[in-house]
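# Reading the structure
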Amino acid sequence: MSRQAAAGTATAPSSDDGTAAGPGRLREFWRRSPVKVGALTAAAALVYCLDSLNLLRRFLASTFDLVIFDQGIRGYAHLAAPVSVARGVSDGQGAHFVLLADHWSPVLALLAPLYWIHDSPATLLVAQGVLFALAIPPLWAYTRRQIGSGAAYFVCVAYALSLPVMEAVIFDFHEVAFVPVLTAVMVERFDAGKRWQGVLAAVALLLVKEDMGLLVAGFGGYLLLTRRRWTGLAFVVGGVAATWAATHLLIPAFGGSASFYWAYGQFGSTLGGALLNVLTHPLHALHVFVTPEVKARTMIGLLAMFGFLPLASPMVVAVLPLLAERMLASGYPLWWQAKFQYNAFLVMMLCCAAVDGAARLQRHWPERWNAWLTYPWSRPAWLRRGGAAWKPATLWAAAICAAALVYLPSSPFGSLLKPGFYNTNARMRAAAAAVAHVPAGVEVEASNNIGPALSGRDTVLLLDGTPRWAPWVVGDTLGLDFPFCTPSQQAQEVAYLRAHGYALVYADHGYVVLHRPADARTAQALAHPLPAARLHTDICY
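Residues numbered from 1 in each chain as written. Predicted model: local features only at pLDDT ≥ 70, side-chain atom pairs only at ≥ 80, totals over all residues. Heavy atoms only, no water.

## Quick word on the pairing of strand β6 (residues 503–508)
Bridge analysis of β6 against strand β7 (residues 511–515) gives 5 bridges, and the strand direction is antiparallel. Directly across from Leu 504, in β7, lies its bridge partner Leu 514. The hairpin turn running from β6 into β7, its antiparallel successor, is 2 residues long, and His 509 in that turn takes a positive phi close to 50 degrees. (Pairing = 2+ DSSP bridges. Helix = DSSP H or I, 4+ residues; strand = E, 2+ residues; numbered from the N terminus.)

Here it is as structure tokens:
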């Protein structure tokens, strides 16, 4: 043995089991797929939580909708009904409004134990970030099986940085956080031949929201097209039946209305009449489906972020029922847009459809075309197909990943790259001071951006232009807050309250705190509230 070898043998560190430790072992550890997938999942969760929590810190979260969910899930945490006083009072339905009367989302009860650890709206933002990130492992497993492990990493990054996910993360918390992971599990388990596990994921989807039966039915359509007839038929029938039952039986059982979100008056006043109209006048329905042009832009954007490859897969039919629900609606123009959380219900199914489309195209890729993909320099093994050529599907995955990364600085997450996003300014300090002037355990009408900072300790109502005569009021006379159309409208509301018995407690940088003792009007406003005049209009969104 040489002197150098002897010295190396004497000094090389070793682990408890006698194997050599050091950079080589770390590299071997990092080569394990579960480690890399876990790191990607953790990184995505960190980004989601960092962005949403910083928005909360900067008073950019909203009473509608973060406080609504916070109040409801706090009810579950106290082993009571999921009541949202903020939503009930603004809608004119009373202080005991149960969230299940609005949307059939019993899955939210699963988050209640988190409130036993940390009772705060921030808990929901962290939970949402983790749930969105947990869709990455099943998506990776499905993509690896279809087009390879290298492509799977690219696709997961493209999903993690997709606009629908980002828009959902920056807009408070919603039940949609459960949809990508359950959709990915459903698709992956069916692809792996574990049908009953996929069925369980589909059943769980039905507990997320009443219209998730449409997504399940759409997936059943895909199963029918791929010759899994009985399973596909069961999904179609079961999904449609579940949506009908949730809308017409379960939601009314908790005090809601089956017609509250009916937005299809141009087709008829009832579901049966509307369906008959669509079937007998298909060209009219198609025209409504794509006009105004914002609808077409939204749908093109959904396809473009995955290189339009969802169109190469029969799985794309799974999103058609949910798209029709949104694009055929006339009563809620917000549903047509790429903003907010709506596209996050579809993003995972479209992502899986794109992967399936890439796999189908690769299987039909002519061998003679491989020469076009030959790269004469470094060729990692996982990029090669048949020697020197790169896999077409992997090139597609790399392209959509690169597009997502290029878009990142100008995306909703672009603020994370700017140092100013983490700073504190005078308006933020004034908002924090206004919150500090409100005692704990009181009823307070708060501006939309202030409510989340109070919700963990006070009974928060939305300052919505209809006086509720709460003992405490926090307004923002300079900011544009839902549902006011202009800052001056909120300033006028504050002036009205001051002229009717409220005393000014604090004012700085547009934020004001008002106080008056509770009286009979306070109790009356909770027991028999007037609906907010502007709440369901579109002019101020």
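## Here we look at helix α18 (residues 320–327)
Because an α-helix packs 3.6 residues into every turn, residues spaced three or four apart end up facing the same way. Where α18 is concerned, the buried positions are Leu 322, Leu 323, Arg 326 and Met 327. On an axial view of α18, the arc spanned by its buried residues comes to 120 degrees, and they lie on one face. Elements in contact with the buried residues of α18: α13 (212–225), α16 (282–290) and α17 (293–304). (Buried < 20%, exposed > 50% of the residue type's maximum accessible area, 1.4 Å probe, protein only. Arc of directions from axis to C-beta. Contact = heavy atoms within 4.5 Å.)

## Digging into the confidence of the model for the chain
Across the chain, pLDDT averages 91, with 90% of residues at or above 70. Note that residues 15–20 has pLDDT below 50 and, in this model, 7 contacts with residues that lie over four places away or in other chains. Counting interchain partners and residues more than four positions distant, the pLDDT-below-50 stretch residues 382–389 has 26 contacts. (pLDDT = per-residue confidence, 0-100.)

## Re the pattern of salt bridges
Here the structure, examined in full by the defined rule, presents 14 salt bridges. Ionic pairing is found between Arg 145 and Glu 188, a salt bridge with its closest N-O pair at 2.5 Å. Remark: Glu 188 occurs in helix α11 (residues 179–191) and Arg 145 occurs in helix α8 (residues 136–147); sequence separation between them is 43 residues. Looking at Glu 188, the relative accessible area reads 6%, which means it is buried. Measuring nitrogen to oxygen at the nearest pair gives 3.0 Å for the salt bridge that ties Glu 293 to Arg 297. Placement of the pair is Glu 293 and Arg 297 together in helix α17, with a separation of 4 residues, close to one helical turn. (Salt bridge = Lys/Arg side-chain N within 4 Å of Asp/Glu carboxyl O.)

## Re the nonpolar core
Residues Phe 132, Tyr 159, Phe 219 and Trp 396 are the most contacted members of the largest nonpolar core, which totals 127 residues. Examining the composition of this core, we find that 11 residues originate from one element, helix α19 (residues 347–363), more than from any other. Contact partners of Tyr 159, with chain neighbours within four places excluded, come to Phe 132, Ala 135, Ile 136, Leu 139, Val 165, Pro 180, Val 347, Met 348 and Cys 351. Ile 68, Ala 86, Ala 431 and Leu 462 belong to the second-largest nonpolar core, a separate cluster that totals 26 residues. (Core = buried A, V, L, I, M, F, W, Y, C linked by side-chain atoms within 4.5 Å.)

## Quick word on unusual backbone geometry
With an omega dihedral of 0 degrees, the bond running from Thr 291 to Pro 292 counts as a cis peptide bond. Structurally, Pro 292 is set in the loop between α16 and α17. Geometrically, the link from Phe 482 to Pro 483 is a cis peptide bond, its omega value of 5 degrees lying close to zero. Assignment of secondary structure puts Pro 483 in the loop between β5 (472–476) and α23 (487–498). With a phi close to 60 degrees, Leu 79 is a non-glycine residue in the positive phi region. Within the fold, Leu 79 resides in the loop between α4 (63–77) and α5 (85–90). For Trp 469, which is not a glycine, the phi torsion comes out positive at approximately 55 degrees. Looking at where Trp 469 falls in the secondary structure, it is placed in the loop between β4 (459–462) and β5. Accessibility expressed as a relative area gives 11% for Trp 469, which makes it buried.

## Structural notes on the state of the cysteines
Counted under the stated rule, the structure contains 0 disulfides. As a non-bridged cysteine, Cys 49 has Cys 156 as the owner of its nearest cysteine sulfur, 18 Å distant. In this structure Cys 352 is not part of a disulfide, and its nearest cysteine sulfur, from Cys 351, lies 5.7 Å away. (Disulfide = S-S within 2.5 Å.)

## With respect to the packing of aromatic side chains
What the rule picks out here adds up to 19 aromatic pairs. Each member of the aromatic cluster is reached from another via a ring pair, and the members are Phe 190, Phe 219, Tyr 222 and Phe 235. Over the ring of Trp 336 we find Lys 295; its NZ or CZ atom is 4.5 Å from the centre of that ring. In this structure, Arg 521 packs its charged tip against the face of Trp 469, placed 4.0 Å from the ring centre. (Phe/Tyr/Trp six-rings, centres within 6.5 Å; stacked < 30°, edge-to-face > 60°. Lys NZ or Arg CZ within 6 Å of the ring centre and 35° of its normal.)

## Overview of the environment of Ala 95
Turning to its location among the elements, Ala 95 is positioned in the loop between α5 and α6 (112–117). In this structure Ala 95 comes out as buried when scored by relative accessible area, which is 16%. Beyond its immediate sequence surroundings of up to four residues, Ala 95 is in contact with Val 83, Val 85, Val 89 and Leu 526.

## Focus: the packing of α13 against α18
With their axes 7 Å apart at the nearest point, α13 and α18 run at an angle of 140 degrees to one another. Judged by the inter-axis angle, α13 sits oblique to α18. Of α18, the residues touching α13 (which contributes Met 212, Leu 214, Leu 215 and Gly 218) are Pro 321, Leu 322 and Glu 325. A per-class count over the contact of α13 with α18 returns 5 nonpolar, 1 polar and 1 charged. (Axes fitted to C-alpha atoms, helices over the stretch in contact; angles between N-to-C directions. Parallel < 35°, antiparallel > 145°, perpendicular 65-115°, else oblique. Nonpolar A, V, L, I, M, F, W, Y, C, P; charged D, E, K, R; others polar.)

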